[in-house]
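Each chain, written out:
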Amino acid sequence: MAHPATTISSVKLAWALSWTAFWTGFPFKAIVVVLLLAAHMPPWEGAGLIVLFVLSAPIDVWALGLAARTFFLERMGVAVNGPVGVNLWWQGTALGAVTLGVAYYAVGAVAVLCKQAAAATLDAVSQFLPIPVAERITIELMMWATPASIVAIVFLLIWLKLFGWRIKWVAVALGQTSSGDLQARVREWDSWRVPADSILMLLSFTAVAVLLTVTFWVLLPVTTTHRHPDYPPPPTVVVKKQVKPEELLKQTDAALVKANAVLAVLEQEQVKGTQKAKAKPASQGK
Amino acid sequence: MNPLLQQVYDFVDERIDLKTLEAKMMKEPIKGGSRWAYVFGSVLLFIFIMQAVTGVLLMFYYIPSADHAYDSTQFIIHEVDYGWFILSYHFWGSSAMVVMVFAHMSQVFLWGAYKSPREIIWLVGLALFGIVMAFGFTGYLLPWDQRAYWATVVGVEIMDKTPLVGDFMARFLKGGPTPGQMTLSRFFVIHVMVLPGALMGLAGLHLFLFRSAGPAGPFRGSPEELKAKTDFFFPRQVWKDIVAMAAVFLTISALAIFEPVVLLEQAKPDPGDYAPEPEWYFLFLFQLLRWKLFAGEFGQFLGATAIPAAFMLLLAALPFFDRSPERNIFKRPIALLSWTAVMTAILVLTVSAIINRDFLH
């Protein structure tokens, strides 16, 4: 008998898993993005991008694992054991990097070629049938965006096909057919996911939510960073130290006492120096 | 439950029959089980609540007068602690509401959930769609900068082209020959009083009708399969709704921080260098009106009023002429093709409008 995972289309399987995993991981990545933005670290460049990538990897591993286990158990009655999230993540990412790289150049090339062809065609048509600007923009857009979108969709399907093929391989290698009916399987899966101490879970969630909220408001600038030209930031006022006469008098007295002491020391040194100078010629004469 | 909490629960239960309410709210059976596709309604409610909260906070500082609207909005942005974020959240929240309304209507349309016995829910939903668009239109004027002023001028001019009621509507909204204090006052009152009241009433009716008819459920699967997968609203659907709300909240927050509201010059009757343009969700219609086909008095009426009105009427009549019980979208090719065509047209025309804007500049 064929393994249940092999009976479904690779594209459908990969779509179901990656779509679910994307939305499962999305809120967590969105938290990271919002905190980075609040802290003035753009998540699309530099340190922000690195932080986002580093934190996205474990989120994706977890989300893919969760989506795959749920899908196989609930839809196919297959319990998948082992590091299914990691397995699927690295294979999906590797395939995605290659497909996306090729797709980037292919879609770009098709778009450029089609833009040129569309412009030339419409220029030729305009010779005997003038085309107004608004209509021309839409026709031109349709003429290059349609083939470019088709090429992009083809590459998406290629990635889904390849990823689906790897998912099936993982399911066959790590999966075991479950004997229970659907309700029993759902209950089994729930018992794995839902912690025994729900109050503790609720408290932990609340604590994390409070911590994230406080962090957000602490990081968020109080006033706008995108000021209107007519509303320049207020000039930085250098706060002058307030003069307190009593303290000033005390400080002056202290400074005078100190100066007197220094003067006294200097005078003593001068006296000693004069005495030595007087004594020297006498000793030299001996 | 904690004994103290149990006492409080029992106290309230004795007085308002909390158990029945809880059973009605949380133990609503969902045919075929919970789904991510069902989150849009709850998310819309959440966005509306957030818009109400941020709107009230903005009203603490906003002055709805032609002399002070612009300065008070600038004060909110530049002087009030976190005012820029609250205003930007409110601004992006309105866009999110439009996106979610489109998503919700698309889901209902594709799932065939407008069909009998849910025709009235669909009609009330269409009215709510109109209210959401009106929220966007009236709120756009309030900052009283050039963008706000000229978008309103264009919008009211379009409205003016409606036969019979157009002239009255335009005069009623403007309150004078040109937009001014009266326009701002009327838009403000409609935005903060009339529309929220209408939305709350209609949303309540929408929910009541939805609960009476029950969820339509998935369009595939035998009755036995659907029964086997039937689940209560709590906890699975509640959890999905909460996750979706969090995702929407975070997306709006990210947009508010990334692209905060920056006003143009104060509104004046001379557009100067500014090329008037409506909010992004009206751009497709704006671009359509640039076509030669829609030039001239009749063309403008056709593009700005007749076609959108005919489309809305078609949507309203949909459950009454599409009486086939088939709900599977893959077995309703006309519905699938129509939805794809409308969505593609909106997308293409919106992108065209953006390219056209760059072309004009």
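Residues numbered from 1 in each chain as written. Chains lettered and ligands numbered in written order. Predicted model: local features only at pLDDT ≥ 70, side-chain atom pairs only at ≥ 80, totals over all residues.

1. Quick word on the overall build of chain B
Part 1 of the reasoning: Within chain B, the secondary structure is distributed over 14 helices and two strands.
Part 2 of the reasoning: Here chain B has a C-alpha radius of gyration of 23 Å; the compact-globule value for 361 residues is 21 Å, and the two agree.
Part 3 of the reasoning: Within the span of chain B, comprising 361 residues, buried residues form 32% of the whole.
Part 4 of the reasoning: Considering only contacts in chain B between residues 6 or more positions apart, those separated by 24 or more positions represent 79%. (Helix = DSSP H or I, 4+ residues; strand = E, 2+ residues; numbered from the N terminus. Rg over C-alpha atoms; globule rule 2.2 N^0.38 Å. Buried ≥ 20, exposed ≤ 12 C-beta atoms within 10 Å, placed from the backbone. Contact = placed C-beta atoms within 7 Å.)

2. Quick look at the overall build of chain A
Part 1 of the reasoning: A count of helices and strands for chain A gives seven helices and two strands.
Part 2 of the reasoning: When the helices and strands of chain A are read in sequence order from the N terminus, they spell out α-α-β-α-α-β-α-α-α.
Part 3 of the reasoning: For a compact globule of 286 residues, the expected C-alpha radius of gyration is about 19 Å, and chain A comes in at 38 Å, more than 25% above that figure.
Part 4 of the reasoning: Taken along the three principal axes of its C-alpha coordinates, chain A extends 125 × 75 × 50 Å.
Part 5 of the reasoning: For chain A, contacts bridging at least 24 residues in sequence account for 77% of all contacts bridging at least 6.

3. Remarks on the confidence of the model for chain A
Do not read the predicted coordinates in detail wherever pLDDT is low.
Part 1 of the reasoning: For chain A, mean pLDDT is 88; residues scoring 70 or higher make up 94% of the total.
Part 2 of the reasoning: Within chain A, helix α5 (residues 182-193) of chain A has the poorest average pLDDT of any element, 71, and helix α3 (residues 84-128) of chain A the best, 96. (pLDDT = per-residue confidence, 0-100.)

4. Considerations on the interface of chain A and chain B
Part 1 of the reasoning: Contact residues are listed per partner, giving 27 residues for chain A and 32 residues for chain B.
Part 2 of the reasoning: Elements supplying a minimum of two residues to the side of chain A that touches chain B: α1 (10-38), α4 (133-174) and α5 of chain A.
Part 3 of the reasoning: Sorting elements by how many residues they give to the side of chain A that touches chain B places α1 of chain A first, with nine residues.

5. Digging into α3 of chain A
Part 1 of the reasoning: With 45 residues, α3 of chain A extends 63 Å between its outermost C-alpha atoms, agreeing within 8% with the 66 Å of an ideal straight helix rising 1.5 Å per residue.
Part 2 of the reasoning: The secondary structure elements touched by the buried residues of α3 of chain A are α2 (46-76), β1 (78-80) and α4 of chain A. (Expected span 1.5 Å × (residues − 1).)

6. Here we look at the nonpolar core
Part 1 of the reasoning: Counting residues in hydrophobic clusters, the biggest one holds 53 residues, and the most contacted among them are V43, L44, I47, L87, M97, M100 and V248 of chain B.
Part 2 of the reasoning: Breaking this core down by element, the ones donating at least two residues are α1 of chain A together with α3 (40-59), α4 (69-78), α5 (83-110), α6 (119-141) and α11 (233-258) of chain B.
Part 3 of the reasoning: Top contributing element to this core by residue count: α5 of chain B, with 13 residues.
Part 4 of the reasoning: Among residues more than four places away in sequence, those in contact with M100 of chain B are F40, V43, L44 and I47 of chain B. (Core = buried A, V, L, I, M, F, W, Y, C linked by C-beta atoms within 7 Å.)

7. Things to note about unusual backbone geometry
Residue and element names in this part refer to chain B.
Part 1 of the reasoning: Cis geometry marks the peptide bond from S116 to P117; its omega dihedral reads 10°.
Part 2 of the reasoning: Secondary-structure assignment places P117 in the loop between α5 and α6.
Part 3 of the reasoning: Despite not being glycine, W144 shows a phi value in the positive range, around 60°.
Part 4 of the reasoning: Within the secondary structure, W144 sits in the loop between α6 and α7 (146-160).
Part 5 of the reasoning: Given 27 C-beta atoms within 10 Å, W144 falls into the buried group.

8. What about the packing of α1 of chain A against α2 of chain A?
All names here are of chain A.
Part 1 of the reasoning: Across the interface, α1 lies against α2 with an axial gap of 8 Å and an inter-helix angle of 150°. Looking at the two axes, α1 sits roughly antiparallel to α2. As α1 packs across α2, the resulting crossing turns out to be right-handed.
Part 2 of the reasoning: Tallied by class, residues from the contact of α1 with α2 come to 17 nonpolar, five polar and two charged. (Axes fitted to C-alpha atoms, helices over the stretch in contact; angles between N-to-C directions. Parallel < 35°, antiparallel > 145°, perpendicular 65-115°, else oblique. Left-handed = near helix turned anticlockwise from the far one by under 90°. Nonpolar A, V, L, I, M, F, W, Y, C, P; charged D, E, K, R; others polar.)

9. Digging into the environment of G46 of chain A
Part 1 of the reasoning: Mapping G46 of chain A onto the fold places it in helix α2.
Part 2 of the reasoning: When the C-alpha atoms of G46 of chain A and T206 of chain A are compared, they prove to be 32 Å apart, with 160 residues separating the residues in sequence.

10. Observations concerning the packing of α1 of chain A against α11 of chain B
Part 1 of the reasoning: Axis separation between α1 of chain A and α11 of chain B bottoms out at 9 Å; the angle between their running directions is 25°. The orientation of α1 of chain A with respect to α11 of chain B, classified from their angle, is roughly parallel. Between α1 of chain A and α11 of chain B the crossing geometry is left-handed. Across from F26, P27, A30, I31, V33, V34, L37 and A38 of chain A in α1 of chain A, the residues of α11 of chain B making contact are V243, A246, A247, L250, T251, S253, A254, I257 and F258 of chain B.
Part 2 of the reasoning: Its residues assigned to classes, the contact of α1 of chain A with α11 of chain B comprises 15 nonpolar, two polar and no charged.

11. Remarks on the confidence of the model for chain B
All names here are of chain B.
Part 1 of the reasoning: For chain B, mean pLDDT is 92; residues scoring 70 or higher make up 99% of the total.
Part 2 of the reasoning: Confidence, expressed as mean pLDDT per element, reaches its minimum in chain B at helix α10 (residues 223-229) with 81 and its maximum at α5 with 97.
Part 3 of the reasoning: Interface scoring of the predicted complex returns ipTM 0.86; its pTM is 0.86.

12. Thoughts on the environment of V271 of chain A
Part 1 of the reasoning: On the secondary structure map, V271 of chain A appears in helix α7 (residues 245-285).
Part 2 of the reasoning: Between the alpha carbons of V271 of chain A and A254 of chain A there is a distance of 26 Å; along the sequence they are 17 residues apart.

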